[in-house]
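# Observations on chain architecture
Here is what each chain is made of, one letter per residue.
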Amino acid sequence: MAGTTEIIEITTEFIRLDALLKFAAAVESGGEAKLLIQDAQVKVNGEICTQRGRKIREGDKVEVNGESYTVRGGAG
């Protein structure tokens, strides 16, 4: 639903960007996540991110395909 932000709970200090997209069900596979990231279709905290291994931590906001995800939780 456009205009809403889904909260993604993690139990580790961080999650890789490609893993987050898969975990949040924003994509069906890691390969799909890789392509979206490489094609500059993913934003982290409002900026385009092309690093699929980027560490996403509590408070980070990820946007893809008109959906928005905010990470909550994390250890450390």
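See the structure printed just above.
These numbers come from a predicted model, not from an experiment.

Rules used throughout
Residues numbered from 1 in each chain as written. Predicted model: local features only at pLDDT ≥ 70, side-chain atom pairs only at ≥ 80, totals over all residues. Heavy atoms only, no water. Helix = DSSP H or I, 4+ residues; strand = E, 2+ residues; numbered from the N terminus. Buried < 20%, exposed > 50% of the residue type's maximum accessible area, 1.4 Å probe, protein only. Arc of directions from axis to C-beta. Contact = heavy atoms within 4.5 Å. Salt bridge = Lys/Arg side-chain N within 4 Å of Asp/Glu carboxyl O.

### As for unusual backbone geometry
Its identity is not glycine, yet A40 carries a phi of approximately 60°, on the positive side. Mapped onto the secondary structure, A40 falls in the loop between α2 (30–38) and β3 (42–44). Given the relative accessible area of 33%, A40 is considered partly exposed. Located in the positive-phi region is N45, a residue other than glycine, with phi close to 55°. Of note, N45 is situated in the loop between β3 and β4 (47–48). The exposure class assigned to N45 is partly exposed, which follows from its relative accessible area of 41%.

### Notes on α2
When α2 is considered as a whole, its buried residues turn out to be A33, L36 and I37. Buried residues along α2 cover an arc of 95° about the axis, so they all sit on one side. Packing partners of the buried residues in α2 comprise α1 (17–23), β3 and β6 (61–64). Directly after α2, the chain includes A40, whose backbone phi takes a positive value near 60°.

### A look at the pattern of salt bridges
Under the counting rule described, the total for this entry stands at three salt bridges. A salt bridge links R57 to E13; the nearest nitrogen and oxygen atoms lie 2.9 Å apart. On the criterion of sequence distance, the pair formed by R57 in the loop between β5 (55–56) and β6 and E13 in the loop between β1 (5–10) and β2 (15–16) is long-range, its members being 44 residues apart. By relative accessible area, which is 33% here, R57 ends up partly exposed. A relative accessible area of 46% places E13 in the partly exposed class.

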